[in-house]
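# An overview of the molecular structure
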Amino acid sequence: MEKSLDNFEQPIEKKDESPLCLCGCGKHVGEGRSHKKYFSDGHKNLHHNRLKKKNLDEIRLIDTELKKNQKILKELLDEKEFQIVTKGALQARGYNFKYHTHIFTSATGNDFCVCYNYAYRKLDNGKYKIIGESEKGSLA
Ligand SMILES: [Zn+2]
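The structure reproduced in this document is the subject of the present report. (Residues numbered from 1 in each chain as written. Predicted model: local features only at pLDDT ≥ 70, side-chain atom pairs only at ≥ 80, totals over all residues.)

### Quick word on the overall build of the chain
From N to C terminus, the chain includes three helices and five strands. Scanning the chain from its N terminus toward the C terminus, one meets helices and strands in the order α-α-β-α-β-β-β-β. Seen through its C-alpha atoms, the chain measures out along the principal axes to roughly 100 × 35 × 25 Å. The buried share of the chain, reckoned over its 140 residues, is 14%. (Helix = DSSP H or I, 4+ residues; strand = E, 2+ residues; numbered from the N terminus. Buried ≥ 20, exposed ≤ 12 C-beta atoms within 10 Å, placed from the backbone.)

Pasting the structure below:
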């Protein structure tokens, strides 16, 4: 039986060994362009815009939580000079203890977790003291 040479007559496609485009499209950046990272400028822009959007989305999520926290503290303080509440009161409103804008240390040396212009501090009895920025004192 004669052996077929068909398999050997198939043209062998030259393999593109240049790196894959960073945008994730699966294309190679192209022959002789091993210093390149992207298939084209369009792919580069697409990749950068995706990263930028992802980062903005992350920030937006945190901003939303911070604004919500600020609103909760403001509502609980209810325009008083300070307010003492339970952790449950904060939790019931959906307070997210993970986020605050900065730390404010009072004249008496107590650290408050601040959300923009309102702040809280956990007291020794497990309750929470809420204060707000006023004409008398800033929380900066
Ligand atoms: Zn690409």
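### Observations concerning the sheet that holds strand S1 (residues 82-85)
With antiparallel pairing, the five strands of this open sheet are ordered in space as S1-S5-S4-S3-S2. Lying at the two open borders of the sheet, with one neighbouring strand each, are S1 and strand S2 (102-105). Sheet twist, expressed as the average angle between the axes of neighbouring strands with direction ignored, equals 30 degrees. As judged from the three bridges shared by strand S3 (residues 111-115) and strand S4 (residues 118-122), these two strands associate in the antiparallel manner. (Pairing = 2+ DSSP bridges. Axes fitted to C-alpha atoms, helices over the stretch in contact; angles between N-to-C directions.)

### Describing the nonpolar core
Leu 73, Tyr 118, Ala 119, Tyr 120 and Ile 130 are the most contacted members of the largest nonpolar core, which totals 13 residues. Look past the residues within four positions of Ile 130 in its chain and what remains in contact with it is Leu 73, Leu 76, Leu 77, Phe 82, Gln 83, Val 85, Tyr 118 and Tyr 120. Core analysis: the next-biggest nonpolar cluster, separate from the first, contains five residues, Cys 21, Val 29, Tyr 38 and Phe 39 among them. (Core = buried A, V, L, I, M, F, W, Y, C linked by C-beta atoms within 7 Å. Contact = placed C-beta atoms within 7 Å.)

### Notes on the pairing of S4
Counted between consecutive antiparallel strands, the loop separating S3 from S4 contains two residues, among which Tyr 116 sits at a positive phi close to 60 degrees. In this sheet, strand S5 (residues 128-132) lies alongside S4 in antiparallel orientation, the contact comprising five bridges. Following the sheet pairing, Tyr 120 is matched in S5 by Ile 130.

### Let's talk about the pairing of S3
The pairing of S2 with S3 spans four bridges and is antiparallel. If you follow Thr 105 over to S3, its bridge partner there is Asp 111. In this structure, the hairpin formed by S2 and S3 is closed by a connection of five residues, where Gly 109 is found at a positive phi of approximately 85 degrees.

### Looking at helix H2 (residues 41-77)
For H2, with 37 residues, the first-to-last C-alpha span of 53 Å sits near the 54 Å given by 1.5 Å per residue. Among all positions of H2, only Asn 69, Ile 72, Leu 73 and Leu 76 are buried. Against the buried residues of H2 lie S1, helix H3 (87-92), S3, S4 and S5. In the stretch just after H2, Asp 78 is the one whose phi turns positive, near 50 degrees. (Expected span 1.5 Å × (residues − 1).)

### A word on unusual backbone geometry
Non-glycine residue Asp 78 carries a positive phi angle of around 50 degrees. Its place among the elements puts Asp 78 in the loop between H2 and S1. Under the C-beta neighbour-count criterion, Asp 78 is labelled exposed, with 9 such atoms within 10 Å.

### Remarks on the environment of Ile 72
You can see Ile 72 is positioned in helix H2. The spatial distance from the C-alpha of Ile 72 to the C-alpha of Leu 90 is 7.3 Å, given a sequence separation of 18 residues.

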